[in-house]
Structures are given as structure tokens and as C-alpha cells.
Amino acid sequence: MKVPLLDLKVQLAPLRDEIMDRVTDVIDSCRYILGPEVQELEKDVAAYCGVGHSIGLSSGTDALIAALMAIGIGPGDLVLTTPYTFFATMGSVLRLGARPLFADIDPVTYNIDPDSVSALLEEDEGKVKAILPVHLYGQCADMARILELAKRYDLPVIEDAAQAIGASYPMVKDNKRIWLKAGAMGTAGCFSFFPSKNLGCMGDGGMVVCNDGRLAESLKIIRVHGGYPKYHHSVIGGNFRLDAIQAAILNVKLSHLPEWHRARRRNAALYDMLFEESGLVDGGRVRTPVAKYGGESEKESFEVDHHIYNQYVIRVPQRDKVKDFLQDQDIGTEIYYPIPLHKQKCLAGMGYSELSFPESEKASEETLALPIYPELTDEMQRYVVERIAAFFS
Ligand SMILES: *Cc1c(COP(=O)(O)O)cnc(C)c1O
């Protein structure tokens, strides 16, 4: 049996006609950049996330860059973030001439560890200008603690929610638990519509959401080279525009997102059960991912998008061998991420290589993402677990 890591063909099949019609309309309209499809997407994503504003952008990376520009990050600034994430999180900071200041991760959720953030802020002498948490694999970072620290040190928080559109976080307000969406909690939140994200387009696309109207206005100006009014540039921006064809595709897909999230969560629950039954968990071979904010009842756990499983990531000893073994059995897996950011070559000579972030380093040696896409069948999942058991037998 062949089990790919991701199969976009099965998602496309039932939507293909609708997408083709809508893309054809855009082509015939001859309006290809921004325009009504982008506006509709912005309105619907803002409503979905429960925020006041949203700005369609050319990619998740550009969303991060634009958001950091909009809050004034520049040369000499430090941005507090995690070394265990996709390169773009740090790349966007570096491209603005700023520097990442890394806090290690919580080994259970792989998200930035608030205790480590707190310790770094205590030592900081005013150089840290923003906190950039990542909601890795589709589960929110510990935002209650991060926002509390941000408030204490008067810092903006830019959420890298590229893997977590729609993921919900249980915030306690007036002794009541309310679910807030990824991207809607900090100063601004950044999404990516790269094809492998839970909401993916057919090229590159991204978005920033926020509640501050003035920030939204400045993001709209930054999106068009900082020109406002047109051809008058009081700030320098970039070409960060989302194109209409991508927005049209996303407008078709957005309404399906809740059912895709639920299907991924159902698949995760089945993997959890199968690994438990296989004896691999008790045997200490496989550690399954921990959904930290699972609802207080089973019903809530099922209905609330507390984890959207952009990735289902296990920890295994001999990870690279397991990966090769599964590859030989036609099972696709991936390592997110094999090199923590502080060890990347582009930082050579900047003093990062001597630093040590033990949890990030350990995670980069042990984590393995398994197929989790919505249309995965039970039979495929049983095969994956059975093959991993075969490796260890
Ligand atoms: C995908 C991703 C990005 C970048 O998004 P692009 O749309 O590919 O530019 C940024 N951060 C994280 C954590 C991501 O997973």
C-alpha cells in the first residue's frame, strides 16, 4: 500500500469544477491583483478568526515581514522567538536587519517555553522589541503566559500562525473559559496559504490579521511599496500583494476548512489509539503528540479546533532509520525540522553556534511527521502503525 505524506489530488477532486469556474471568472474579469476576490477572502477570514481586520499578502513569509515592518522592527532590534520552526520565522527577522533572540521550546508541545521567554526578558536591556511565538504543527503556543509577559514588558506580539489557521486556544476571562483563534490574540497574526497548510492555495499566498485599525491601514500601505496616496512614498514597503486567482481558490476552500480540521483530529485520535494498542507507547518506542488544550469534555474535544494537526508528529529513537524504513514501504514522512535555527549556516560568525537549546536540539533528532491529511483512510493509518511496529520488532 502506498501512503503519501500529503495527497492534494483527493482534496481537489470534489472541488475541481467549482474552483475552475471561479478561476475562469477571474481570468475573464481581467482583474488579477487584489480586487473583489481578495476583499471577500479578507472579510471571511477575519470573521472566521474573530478579528476586525485582515490583509491578503503574497506569502506567509511576506506576512511576517510586513507585520514586523508595520510595528517598526529594524536594524539592531532583537525579536524573541523559537529556534525550532520553519526558517521563514527567523528569515523575516534577519531580512529586516534585526536579530533573533532564541528561547528554547517546551519538549511536550514543541512551542516556545514561557519560562525561558520570561528569563530572557528579565535580562534584556531594552533591545527586545517584539515576541514572535510560533503555533507549531497546528497547536497554539502558551499564549496566556506569553501575553502576560508582553504586557509586563510592553512588547508587541506577532503570532506566526502559518501552520495554525483556525486553531483555538482556551483563554480564561472573568473566570470563564473562552476559545480564541490563532492569530487573533497578539498584536497581529500571520497565516500562510502554501499548498501544504490546512488552508492552501495553488501557489503562494498569505495574510495578516489584527484588531488594530491603524495597524491594518499601515499594512495595506506596506503591501503596495508603502505608496499612499499612490506614487507618494512616505515609508518603504514591498510588493506583498495577494493575487485574485489564489484568493478565488481560497474562497472555495475556506468553507471546507472546519470539516478538514475535524477529519485531521479524527485521524490523530485513531493514530493515538493504534499506537497505544500496538504496545509501542508503553514500550517507550513511540511518543505520540500531546494535544494540550483538549476540551473539558469529549464533545468539546471533538468540536473545538484545539489542535488542527497541520502535522502529526511522533518521537522515535533511531528516527532516521525509521524514516528510511517507511520510505521503502511506500510511506511518506518528513522531518520538521532537522536543524534548529541557531545552527543554520547563514548565522555563522554571529555567535549563535555556541548557544545551546537542548530541547530544540533533541526534538530535531527525534521527531517524525506522519501522513495526517483529511482524506487518509483508516486502512492506511493501520498500515503505517503496523509498519512502525514491524521496524521495532
Ligand atoms: C509555512 C510557514 C511559513 C512561511 O509561509 P510561506 O507561505 O511558505 O512563505 C512561516 N512560518 C511557519 C512556521 C511556516 O510553517
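Quick note: structure is the one above.
Source: prediction; values computed, not measured. (Residues numbered from 1 in each chain as written. Predicted model: local features only at pLDDT ≥ 70, side-chain atom pairs only at ≥ 80, totals over all residues. Heavy atoms only, no water.)

Explain the site of the ligand residue by residue, including any values.
Close contacts around the ligand come from 16 residues, with G60, T61, Q163, S192 and K197 the closest. At 2.5 Å, a side-chain N or O of T61 approaches an oxygen atom of the ligand. Side-chain polar atom of Q163 to an oxygen atom of the ligand: 2.8 Å apart, as the coordinates give it. For the ligand, whose accessible area on its own is 380 Å², the fraction buried by protein is 93%. Of the residues in the shell around the ligand, the class split is six nonpolar, eight polar and two charged. (Near = heavy atom within 4 Å. Polar contact = N/O pair within 3.5 Å; in protein donor to acceptor, adjacent residues only side chain to side chain. Areas by Shrake-Rupley, 256 points an atom, 1.4 Å probe, with all protein chains shown as cover. Nonpolar A, V, L, I, M, F, W, Y, C, P; charged D, E, K, R; others polar.)

Go over unusual backbone geometry with me, naming the residues and quoting the values.
In this chain, Y228 is followed by P229 through a cis amide linkage whose omega measures -15°. With respect to the secondary-structure elements, P229 resides in the loop between α8 (213-223) and α9 (244-254). Between Y336 and Y337 the backbone carries a cis peptide bond, its omega angle lying at 10°. By secondary structure assignment, the location of Y337 is in the loop between α12 (319-328) and α13 (358-366). (Helix = DSSP H or I, 4+ residues; strand = E, 2+ residues; numbered from the N terminus.)

Could you give an account of a nonpolar patch on the surface, naming the residues involved and the relevant values?
On the surface, I27, Y32 and I33 cluster together to form a nonpolar patch covering roughly 270 Å² of accessible area. Summarising the element assignment, I33 is placed in the loop between α2 (16-29) and α3 (36-49). (Patch = residues over 30% accessible without salt bridge, like charges linked within 9 Å, V, L, I, M, F, W, Y side chains within 5 Å. Salt bridge = Lys/Arg side-chain N within 4 Å of Asp/Glu carboxyl O.)

Could you give an account of the pairing of strand β7 (residues 176-181), naming the residues involved and the relevant values?
One ladder, built from six bridges, connects strand β6 (residues 168-173) with β7; its direction is antiparallel. Looking across to β7, one finds that M171 is bridged to I178. The hairpin turn running from β6 into β7, its antiparallel successor, is two residues long, and D174 in that turn takes a positive phi close to 50°. (Pairing = 2+ DSSP bridges.)

What is shown is where atoms sit, not what they do.
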